[in-house]
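Structure assessment
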Amino acid sequence: MHKAIFADANSDYDNAKYVICGVPFDNTSCFRRGSKDAPQEMRNNSYNFEKYNSFFDIDLQDISIHDAGDLDVADNVDDTLEIISSRARKYVIDGKIPIMLGGEHSLTMPFVKACKERYDDLGFVVLDAHMDMRDEYEGKKNSHACISRHVFEDVTKDYVSIGIRSGTRDEYEYVRENDIKVFSSEDVFSMGIEAVTHEIRERISGPVYLSIDMDAIDPAYAPALGTPEPYGMTPREVRDVIACLAPKIVGFDLVEIAPAYDSGGTALLGAKLVRDFIAASAKAL
Ligand code: MN
Ligand code: MN
């Protein structure tokens, strides 16, 4: 079967500013698997939308976007991260803004590391229902349940998370002890997203890597997830975060959609958020 590329990704690699790549890997997912199918589902659903993005007032067909297809993966997480890290590094060294479509959340690491190698003052903003602050999970250090811990410990202390509403008591204690900035989904609800984005802008002034774990969004809007968690953010709040940070974003990913668990709506929303990111970023450049 012919595999569609992401809609409006009409540029060749050399001339592209944005490089989309899929990583069809979900082996450390613990509850529902299937996020390996999300990159292609998002590509298929990306054709639903007009080329003209009215909210950001920009035409996606006028933006230089390349779809590099799906990257090769191995059958275990450590080898997969090793394989994709050379691609991530190449995109960033070549001056591209990588857009990684997961797959599971552990896949973020090679991309954020590649950005850190180029941008020494890199900040990291993650939208997630979950802390992901375990040191290891089910014996695996590179589990999707540990990504935030390893980014904070090994990549950058300029770390902010938004939408959090799940973690172990140990994870909550670790966050308190290390004075890590977490905006829970209750904070978003009570403060309003504008106050949250305002505070983030004050805390992080340099280049930003933005990672969206789709389960930050309420399962009412996005039910097809590896680990759904009620009381989440709205899609509009996520778009507000994207719009606020877009001028500073040097790397972006969207992970953890498990398409088999709905009739396509979650992958559709994922595709829309990717398109909104590209529109917002290109508008700001
Ligand atoms: Mn999550
Ligand atoms: Mn996560």
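Bear in mind the structure is a predicted one, so any value in this text is a computation, not a measurement. (Residues numbered from 1 in each chain as written. Chains lettered and ligands numbered in written order. Predicted model: local features only at pLDDT ≥ 70, side-chain atom pairs only at ≥ 80, totals over all residues. Heavy atoms only, no water.)

**Quick notes on the coordination of the manganese ion (ligand 1)**
Taken together, D128 (OD), H130 (ND1), D213 (OD), D215 (OD) and D215 (OD) make up the protein donors of the manganese ion (ligand 1), found 2.1 to 2.5 Å from the metal. Donor residues for the manganese ion (ligand 1) sit on one chain with the sequence pattern D-x1-H-x82-D-x1-D. (Donors = N, O, S within 2.8 Å, 3.2 Å for Na, K, Ca; no water.)

**Quick word on the nonpolar core**
Ranked by size, the top nonpolar core spans 54 residues in total, and within it V125, I162, F252 and I278 carry the most contacts. If you tally residues by element for this core, the top one is helix α9 (residues 265-284), at 10 residues. Non-local contacts of I162, meaning those with residues more than four positions away in its chain, are made with V125, V126, L127, D128, F183, V188, V196, I200, M233 and V241. Counting residues in each nonpolar core, the second largest holds 38 residues, with A16, F152, V155 and Y174 among its members. (Core = buried A, V, L, I, M, F, W, Y, C linked by side-chain atoms within 4.5 Å. Buried < 20%, exposed > 50% of the residue type's maximum accessible area, 1.4 Å probe, protein only. Helix = DSSP H or I, 4+ residues; strand = E, 2+ residues; numbered from the N terminus. Contact = heavy atoms within 4.5 Å.)

**Overview of a negative patch on the surface**
Residues D75, D78, D79 and E82 make up a contiguous surface patch of negative charge. Note that E82 resides in helix α2 (residues 77-93). (Patch = residues over 30% accessible without salt bridge, like charges linked within 9 Å, V, L, I, M, F, W, Y side chains within 5 Å. Areas by Shrake-Rupley, 256 points an atom, 1.4 Å probe, with all protein chains shown as cover. Salt bridge = Lys/Arg side-chain N within 4 Å of Asp/Glu carboxyl O. Lys, Arg positive; Asp, Glu negative; His and termini not counted. Charge placed at Lys NZ, Arg CZ, Asp CG, Glu CD.)

**Notes on the coordination of the manganese ion (ligand 2)**
Taken together, the protein donors to the manganese ion (ligand 2) comprise H105 (ND1), D128 (OD), D132 (OD) and D213 (OD), at separations of 2.1 to 2.2 Å. In the primary structure, the donors to the manganese ion (ligand 2) are separated according to the pattern H-x22-D-x3-D-x80-D.

**Here's the deal with the sheet that holds strand β10 (residues 249-255)**
Strand order in the open sheet formed by eight strands is β4-β1-β5-β10-β9-β6-β7-β8, and the pairing between neighbours is parallel. Edge positions in the open sheet fall to β4 (65-70) and β8 (181-184), since each of these has one partner strand only. Within the sheet, the average angular offset between the axes of one strand and its neighbour, ignoring direction, is 15°. In the sheet, strand β6 (residues 123-127) pairs with strand β9 (residues 208-213) via five bridges, with the strands oriented parallel. (Pairing = 2+ DSSP bridges. Axes fitted to C-alpha atoms, helices over the stretch in contact; angles between N-to-C directions.)

**Details of the pattern of salt bridges**
A side chain with one charge can pair with a side chain of the opposite charge if their charged atoms come near. On inspection of all chains with the given rule, the structure shows 13 salt bridges. Among the ionic pairs, K36 bridges to D37, the shortest N-O distance being 3.5 Å. In this structure D37 comes out as partly exposed when scored by relative accessible area, which is 39%. In this structure, the salt-bridge partner of K283 is D57, at a minimum N-O distance of 3.8 Å. Placement of K283 in helix α9 and of D57 in the loop between β2 (52-53) and β3 (58-59) is noted, with a sequence separation of 226 residues between them. Exposure remark for D57: the relative accessible area of 45% places this residue in the partly exposed category. A single network of salt bridges, built from pairs that share partners, joins D8, K51 and R275.

**Focus on the pairing of strand β5 (residues 97-102)**
Side-chain positions along a regular strand alternate between the two faces of the sheet. Here β5 lies mainly inside the structure; six of its six residues are buried. Neither face of β5 is exposed, since I97, I99 and L101 on one face and P98, M100 and G102 on the opposite face are all buried. Bridging between strand β1 (residues 18-23) and β5 involves six bridges; their strand directions are parallel. Counterpart to G22 in the pairing with β5 is L101. Pairing between β5 and β10: three bridges, direction parallel.

**Here's the deal with the environment of F31**
Within the secondary structure, F31 is located in the loop between β1 and α1 (38-45). A relative accessible area of 61% places F31 in the exposed class. What F31 contacts, discounting residues up to four positions off in sequence, is G226, T227 and P228.

**Things to note about the side chain of D215**
Here D215 shows up in the loop between β9 and α8 (235-245). Buried charge D215 goes without a salt bridge, the closest partner of opposite sign being R165 at 5.7 Å. One polar contact links D215 to T227, side chain to side chain, over a distance of 3.4 Å. The residues contacting D215, other than those within four sequence positions of it, are D128, A129, H130, R165, L225 and T227. (Polar contact = N/O pair within 3.5 Å; in protein donor to acceptor, adjacent residues only side chain to side chain.)

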